Amino acid sequence: MTRLYYKMIHDSIEFIEHHLDEELNLDRIAKEAGFSKFHYHRIFQKYVGKSVAEFIRSRRLSSAAHLLLYSDERILDIALHYGFESQEAFTRAFKGLYALPPAQYRAQMKLLIQEREEFTMSEIKGWMITGSAPTKYKAALDMQVYHKGRNSVSLECIETQYLDVNDFCTLMQQISATNYLGKRIRFAGFVRTEEVSGWCGLWMRIDDKQQNMLGFDNMQYRSIKGTTDWNYYACVLDIPPEANCLNIGIILTGPGKAWLDDCTFEEVGMDVPVTDIDLPKEPQNLKFEE
C-alpha cells in the first residue's frame, strides 16, 4: 500500500506540474488520481506534509519567480497566468513567500545572478560531498533551476571518460541522533533529474556509537532514472534508542545530473509507513509451484 500511495502522489504531482497555468482544484486532481477527494487530500497531506492547495500555491509562486528573473513578462501578466485575480493579490502572496514584492525581487535578484551565476561547494552550508568518485562529480547551488525559494542544489557527473559503472557520489550531512531517539523521522525533498543512466535517490542511514548500521533506506527499490521533472520523495525510518548518528543525503550513480530542493527533516506519526526494506509479511511460494 505504501508504494501505491507514493506512486499516486508522484503521478499527481506530475499532473499538477503540467497544469499549473490551468484551473486546478481538489476535485479535478483527486479524480485524476482515482480517489475520493477526502481520501486523496488526507493521503497527500500525510505524505507531502502540506495541503494540495498549499502545494499548488507554492509551485505557482515559484514558477512566477522564475519568470520574473528569466523573462520580460509584465508582473500583471504573470499574475494572471498563474490564476491570481489581480496584481495586488499576487504581490501579497509573493511577498509572503519571498519576503520581497515582485518588482523588487526582479530587480535585486537579477543583479545577484549577474554578479554570481554559480556558487562553490564551500558555500553550501552544512553539506559535504563524498562517495566512490567524488572528484568526478560537482555540486553547486543553482539559481536558475529550483522548486521553491531562490536556489536548488545540483549534483552532476562532470567526468565520464573513466567513469566506472559502479561509481557514485553523494551530497550528505551528519547530525546527532540525540533529539530524535524513539521517534519516526521523515527526510523528504523534491528531486529533478536529467539523463541519469544509473540511478538517483534520497537516502537516510542510522548508526550507533560503533558505526553499526541500525536502519537504512536509499530508495534503490524505487530509484529515479532518466530525465524527470520535479517530484516528491521521502525516506522514513524509526530511530532506535541506541542510535548515535543520522546521515541524510542524495546519491547519484553513473552519468547525469540531479537537483534537490525544499527538503524537510521532521517527526511524523506512526500512521506514516517506514520506507526501509519492504519485506513480505508471510513466506511465499514455499512449494515452488508458482
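Predicted model, so just to flag it, every value in this text is computed and none were measured. Residue numbers run consecutively from 1 along every chain, following the written order of its sequence. Reporting in this predicted model follows two pLDDT cut-offs: at least 70 for local features of residues, and 80 or more for side-chain atom pairs to be given and counted; totals over whole chains, interfaces and linings ignore these cut-offs and use all residues. Only hydrogens and water are removed before side-chain values are computed, so all heavy atoms of the structure are retained for them.

A. Representation of the pairing of strand β3 (residues 152–157) in the model. The buried fraction of β3 is high, at five of six residues. By the convention used here, strands pair only if DSSP detects at least 2 bridges between them. Helix and strand labels come from DSSP, where a helix needs a run of H or I of at least four residues and a strand needs a run of E of at least two; each type is numbered from the N terminus. Here strand β2 (residues 137–142) pairs with β3 via six bridges, running antiparallel. Looking across to β3, one finds that A139 is bridged to L155. The sheet contact formed by β3 and strand β9 (residues 257–268) spans four bridges and is antiparallel. Each residue's exposure class comes from its accessible area (1.4 Å probe, protein chains only) as a fraction of the maximum for that residue type: buried when under 20%, exposed when over 50%, partly exposed otherwise.

B. Inspection of the nonpolar core at higher detail. In these notes, a set of buried Ala, Val, Leu, Ile, Met, Phe, Trp, Tyr and Cys residues joined through side-chain atoms within 4.5 Å is what counts as a nonpolar core. Counting residues in each nonpolar core, the largest one holds 46 residues, and the members touching the most others are I9, I29, F90, F94, Y105 and Y232. Looking at this core, the element that brings in the most residues is helix α4 (residues 52–70), giving eight residues. If near-sequence neighbours (up to four positions away) are discounted, F90 is found in contact with L61, A64, I75, I78, A79, F84 and P102. Listed in part, the 32 residues of the second largest apolar core include C169, L171, V191 and Y233. By the convention used here, residues are in contact when the closest approach between their heavy atoms is within 4.5 Å.

C. Representation of the side chain of T275 within the structure. Tracing the backbone through its elements, the reader meets T275 in the segment after β9. The term polar contact refers here to a pair of N or O atoms within 3.5 Å; inside protein, the definition further demands a hydrogen-donor-capable atom paired with an acceptor-capable atom, and it admits residues adjacent in sequence only when both atoms are side-chain atoms. A polar contact is formed between the side chain of T275 and the side chain of D217, at a distance of 2.6 Å. Here the side chain of T275 touches V236 through a polar contact of 2.8 Å, landing on its backbone nitrogen.

D. Structural view of helix α1 (residues 2–17). With 16 residues, α1 should reach 22 Å at 1.5 Å per residue; the first-to-last C-alpha distance of 23 Å fits that figure. Taken as a whole, α1 has its buried residues at Y5, Y6, M8, I9, H10, S12, I13, F15, I16 and E17. Taken together, the buried residues of α1 touch α2 (26–33), α3 (37–48), α4, β5 (184–207) and β7 (224–238). Expected span of a helix, by definition, is 1.5 Å for each gap between consecutive residues, and there is one gap fewer than residues.

E. View of helix α6 (residues 87–98). The first and last C-alpha atoms of α6 sit 16 Å apart over 12 residues, in line with the 16 Å expected at 1.5 Å per residue. Residues of α6 that are buried: F90, A93, F94 and Y98. Relative to the axis of α6, the buried residues are bounded by an arc of 115 degrees and lie together on one face. When the buried face of α6 is taken as reference, the exposed residues oriented beyond 90 degrees from it are E88, R92 and G96. After α6 finishes, the residue A99 shows a positive phi value of roughly 70 degrees. Along the arc lie the directions from the helix axis toward the C-beta atoms.

F. Molecular detail of the packing of α1 against α4. Where α1 meets α4, the closest approach of the two axes is 11 Å, and the angle between their N-to-C directions is 45 degrees. One way to sum up the angle between α1 and α4 is to call them oblique. The handedness of the crossing between α1 and α4 comes out as right-handed. Two secondary-structure elements touch here, α1 through I13, I16 and E17 and α4 through F55, I56 and R59. Under this grouping Gly is polar, as are all residues other than the nonpolar Ala, Val, Leu, Ile, Met, Phe, Trp, Tyr, Cys and Pro and the charged Asp, Glu, Lys and Arg. Across the contact of α1 with α4, the residue classes tally to four nonpolar, no polar and two charged. Every axis corresponds to a line fitted to the C-alpha atoms, with the helix fit spanning only the stretch in contact, and the corresponding angles, defined between N-to-C directions, vary from 0 to 180 degrees. An angle below 35 degrees is treated as roughly parallel, one above 145 as roughly antiparallel, one from 65 to 115 as roughly perpendicular, and anything else as oblique. The crossing is said to be left-handed when, going from far helix to near helix, the turn is anticlockwise and less than a right angle, and right-handed when the turn is clockwise.

G. Expanded view of the pattern of salt bridges. Salt bridge criterion: a side-chain nitrogen from Lys or Arg within 4 Å of a carboxyl oxygen from Asp or Glu. Per the counting criterion, the structure on display carries 14 salt bridges. Across the pair K37 and D27 runs a salt bridge whose closest N-O atoms are separated by 3.4 Å. Taken together, the residues K37 in helix α3 and D27 in helix α2 connect sequence positions 10 residues apart. Look at K37 and you get partly exposed, because its relative accessible area is 31%.

H. Structural view of the environment of N218. With respect to the helices and strands, the residue N218 is situated in the loop between β6 (213–217) and β7. Under the relative-accessibility criterion, N218 is labelled buried at 14%. For the pair N218 and C235, spaced 17 residues apart in sequence, the C-alpha to C-alpha distance is 7.6 Å. In this view, N218 contacts W199, G201, L202 and W203; residues no more than four positions away in its chain are not counted.

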